[in-house]
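What follows is the residue order along each chain.
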Amino acid sequence: MDALVSIIVPVYNAEKYLNRCVDSILSQDYPHFELLLMNDGSTDSSGGICDAYAQKDARVRVVHKENTGVSDTRNRALDLARGEYIQFLDSDDWIVPEATRLLVRSMERYQCDMVIADFYRVSGERLAQKGDIEEDKVMTRQEFAACMIENPADFYYGVLWNKLFRREIIEAHNIRMDVSLSWCEDFLFNLEYIRHANSFYALQVPVYYYLKRKGSLATQGVSISNTVRMKTNIFEYYNEFYKDVYDHEDYANIKRQVYSFFWSAAKDGAVLPGSKKLGEERRQILREDVEGDSPIMSLYRFRQLLEYQLGFIAKKNNLSMDETLILCTLYQCGIFKSIRRLSEVTEIGLPRLYLCLQTLERKKLIDTTPDKDAEKKERTKIALGPESERICEDFKLQQEEWDEICLTGFEQKERRFCEGVQKRVYENVIRFMVKENPQEG
């Protein structure tokens, strides 16, 4: 049985956005979760919306409570949570359909204590991808803290909603939100968790849509004196955190960077003109678009599934879809002795293929060498390069997920039977193709 995830959503007067948020959670392709909708004394229709979802889906649990603020509301949800992992959302935001699966997969694949992911900053109809860590490895506490100190007030580190936590660590150390704060309380929760966690992984795929509409401290009626007091207390904790993580000599070297947090304001970055339009970041496919029993539709469905999976690898490794498809083809098929043959298999036109090969070779992700033994001098061997090992790990995982998607619900006996039938189908097709085209044999 897959691990249970407790997804916590505080709700306060969110009727305008709540359906979008909850629908995105209930549409997750990772089904093993409980959704805690914590109605914090809403005076609009939010409570009724929550109850309606609970009646339709047994995974939804609703708590109606007096208005005590978001920190206390999250704390009460943590007291009720039963999952192995904890995931947070704000009620005016939403997540991609594969968000929970990608977070859990990373947590379990790398056996780490926290996964932190990229996110989308939404402004009107435009959005920009936000992230900070580019290291594709499991980091120690000190390595993660070293990344964090470079951008101490960035939303990427400060918020709860782009992270997956282990509930065991939260409960073992009684980590909770500080209800006396109304600024950076999320960050303090994260710092306390990081102090007790040992390993961290950065998922370089955006899984969360952050819609910034909340007011500043000044618009929330918080006095200047209280703001100064809060910032001072938070800085003191932040300072002690780095003293705890680093030894005395190392701390002295980074002390100036630590103090930069004191005058830094939490930021998530602007969405500049020319950023991606909301909706363009995902391919929209309706059920009727992929239905049909013909061979043509079967090929189309499998191609769509492949592109869907490769899209995440492309984003994670800063590659184009064409470049990712080329690397995946080399990973699965081995060395190609002809650029034209690679073009036929990938269905990438020769002009585009040549440009991609130049880019990949410059990045040392492929090697291209003339085939001296070939009859035609223009034949070129194309193979994976020395820097492709990390991406090949992603392709290995992608293949495992492909099998899991296609064979979901199959028992072991059924899987073996299906694999045998599939192998015979392939052999029949190959036999026919070679018979019809003997010169290609």
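Quick note: structure is the one above.
Notes on the structure in this doc start here.

Rules behind the numbers
Residues numbered from 1 in each chain as written. Predicted model: local features only at pLDDT ≥ 70, side-chain atom pairs only at ≥ 80, totals over all residues. Heavy atoms only, no water. Helix = DSSP H or I, 4+ residues; strand = E, 2+ residues; numbered from the N terminus. Contact = heavy atoms within 4.5 Å. Patch = residues over 30% accessible without salt bridge, like charges linked within 9 Å, V, L, I, M, F, W, Y side chains within 5 Å. Areas by Shrake-Rupley, 256 points an atom, 1.4 Å probe, with all protein chains shown as cover. Salt bridge = Lys/Arg side-chain N within 4 Å of Asp/Glu carboxyl O. Lys, Arg positive; Asp, Glu negative; His and termini not counted. Charge placed at Lys NZ, Arg CZ, Asp CG, Glu CD. 1 Å grid on protein atoms, 1.4 Å probe; cavity = no way out; pocket = protein on both sides within 12 Å on 5 of 7 lines; lining within 4 Å. Points joined across faces, edges and corners; volume = space filled by probe spheres on them. Nonpolar A, V, L, I, M, F, W, Y, C, P; charged D, E, K, R; others polar. Buried < 20%, exposed > 50% of the residue type's maximum accessible area, 1.4 Å probe, protein only. Pairing = 2+ DSSP bridges. Polar contact = N/O pair within 3.5 Å; in protein donor to acceptor, adjacent residues only side chain to side chain. Phe/Tyr/Trp six-rings, centres within 6.5 Å; stacked < 30°, edge-to-face > 60°. Axes fitted to C-alpha atoms, helices over the stretch in contact; angles between N-to-C directions. Parallel < 35°, antiparallel > 145°, perpendicular 65-115°, else oblique.

## Some points on the side chain of Asp-118
Here's step 1: Residue position: Asp-118 is located in strand β6 (residues 114-123).
Here's step 2: Aside from chain neighbours lying at most four places away, what touches Asp-118 is Gln-129, Lys-130, Gly-131, Asp-132, Tyr-156, Leu-203, Gln-204, Val-205, Pro-206, Val-207 and Tyr-208.

## Details of a negative patch on the surface
Here's step 1: Residues Asp-2, Glu-84, Glu-108 and Glu-168 make up a contiguous surface patch of negative charge.
Here's step 2: Along the polypeptide, Glu-108 turns up in helix α4 (residues 99-109).

## Some points on empty space enclosed by the protein
Here's step 1: All chains considered together, the criterion is met by 2 cavities of 30 Å³ or more.
Here's step 2: In this structure, the largest cavity spans a volume of roughly 160 Å³.
Here's step 3: Forming the boundary of the largest cavity are 15 residues, of which Arg-105, Gln-309, Phe-312, Ile-313 and Glu-401 lie nearest the centre.
Here's step 4: Mapped by element, the contributors of at least two residues to the lining of the largest cavity are α4, β10 (199-211), α12 (295-316) and α16 (389-406).
Here's step 5: Partitioned by chemical class, the residues of the lining of the largest cavity number 8 nonpolar, 2 polar and 5 charged.
Here's step 6: In this structure, the second largest cavity encloses a volume near 30 Å³.
Here's step 7: What lines the second largest cavity is simply Arg-105, Ser-106, Arg-109, Tyr-110, Tyr-201, Leu-203, Lys-316, Asp-394 and Leu-397.
Here's step 8: When contributions to the lining of the second largest cavity are tallied by element, the ones reaching two or more residues are α4, β10 and α16.
Here's step 9: Among the elements that line the lining of the second largest cavity, the one with the most residues is α4, at 3 residues.
Here's step 10: The residue inventory of the lining of the second largest cavity, partitioned by class, reads 4 nonpolar, 1 polar and 4 charged.

## Quick word on the pairing of β10
Here's step 1: Across the 13 residues that make up β10, a large majority, 13, are buried.
Here's step 2: Bridge analysis of strand β5 (residues 94-95) against β10 gives 2 bridges, and the strand direction is antiparallel. Each bridged residue has a counterpart across the sheet, and for Ile-95 the counterpart in β10 is Tyr-208.
Here's step 3: Where strand β8 (residues 139-140) meets β10, 2 bridges bridge the pair, whose relative direction is antiparallel. Note that in β10 the partner of Thr-140 across the bridge is Ser-199.

## Some details on helix α3 (residues 70-80)
Here's step 1: Listing the buried residues of α3 in full gives Ser-71, Asp-72, Thr-73, Arg-74, Asn-75, Ala-77 and Leu-78.
Here's step 2: Its buried side turned inward, α3 meets β1 (5-11), β2 (33-40), β3 (60-65), β4 (85-88), α7 (167-172) and α8 (185-196).

## Details of the pairing of strand β7 (residues 126-130)
Here's step 1: In this structure, β6 lies alongside β7, joined through 5 bridges in antiparallel fashion. The residue of β7 that forms the bridge with Phe-119 is Lys-130.
Here's step 2: In this antiparallel pair of consecutive strands, β6 and β7, the connection spans 2 residues, and Gly-124 shows a positive phi of 65°.
Here's step 3: Sheet topology places β7 next to strand β11 (residues 276-277); 2 bridges connect them, and they run antiparallel. The partner of Leu-127 across the bridge, within β11, is Lys-276.

## Focus: the pattern of salt bridges
Here's step 1: In the structure shown here, the tally under the stated rule is 26 salt bridges.
Here's step 2: One salt bridge connects Arg-166 with Asp-113, and the closest N-O pair in it is separated by 3.5 Å. With a gap of 53 residues between them, Arg-166 in strand β9 (residues 163-166) and Asp-113 in the loop between α4 and β6 connect regions that are remote in the sequence. The two residues Arg-166 and Asp-113 agree in class, both being buried.
Here's step 3: Each member of the salt-bridge network shares a partner with another, and the members are Arg-109, Asp-136, Lys-316, Arg-390, Glu-393 and Asp-394.

## A closer look at the layout of surface pockets
Here's step 1: Approximately 1,800 Å³ is the volume attributed to the largest pocket.
Here's step 2: Considering the residues around the largest pocket, the lining is formed by 36 residues, among which Leu-299, Phe-302, Gln-332, Trp-402 and Tyr-426 are closest to the centre.
Here's step 3: Broken down by secondary-structure element, the contributors of at least two residues to the lining of the largest pocket are α12, α13 (321-333), α14 (339-346), α16 and α17 (412-436).
Here's step 4: If one sorts the elements of the lining of the largest pocket by residue count, α17 sits on top with 12 residues.
Here's step 5: When grouped by side-chain class, the residues that make up the lining of the largest pocket number 21 nonpolar, 7 polar and 8 charged.

## Things to note about the side chain of Asp-93
Here's step 1: Looking at the element boundaries, Asp-93 is found in the loop between β4 and β5.
Here's step 2: Of the residues examined, Asp-93 reaches a relative accessible area of 0% and is grouped as buried.
Here's step 3: Polar side-chain contacts of Asp-93 include one of 2.8 Å to the side chain of Tyr-208.
Here's step 4: Not counting residues up to four positions away in its chain, the partners in contact with Asp-93 are Cys-21, Trp-161, Tyr-208, Tyr-209, Tyr-210 and Leu-211.

## Points about the packing of aromatic side chains
Here's step 1: Under the counting rule described, the total for this entry stands at 18 aromatic pairs.
Here's step 2: Between Tyr-110 and Tyr-201, the ring centres sit 4.0 Å apart and the planes meet at 20°, which makes this aromatic pair stacked. Note that Tyr-110 is positioned in the loop between α4 and β6 and Tyr-201 in strand β10, a separation of 91 residues in sequence.
Here's step 3: Looking at Tyr-110, the relative accessible area reads 22%, which means it is partly exposed.
Here's step 4: Judged by centre distance (5.7 Å) and plane angle (35°), the ring pair of Tyr-331 and Phe-395 falls under tilted. Remark: Phe-395 occurs in helix α16 and Tyr-331 occurs in helix α13; sequence separation between them is 64 residues.
Here's step 5: Of the aromatic side chains, those joined through ring pairs into one cluster are Phe-119, Phe-155, Trp-161, Tyr-208 and Tyr-210.

## A short note on the packing of α13 against α16
Here's step 1: Orientation of α13 relative to α16, taken along the N-to-C sense of each, is 75°, at an axis distance of 10 Å. In terms of their interaxial angle, α13 and α16 are classed as roughly perpendicular. Across the interface between the two elements, Thr-324, Leu-327, Cys-328, Tyr-331 and Gln-332 from α13 touch Ile-391, Cys-392, Phe-395, Lys-396, Gln-398 and Gln-399 from α16.
Here's step 2: For the contact of α13 with α16, the per-class residue count stands at 6 nonpolar, 4 polar and 1 charged.

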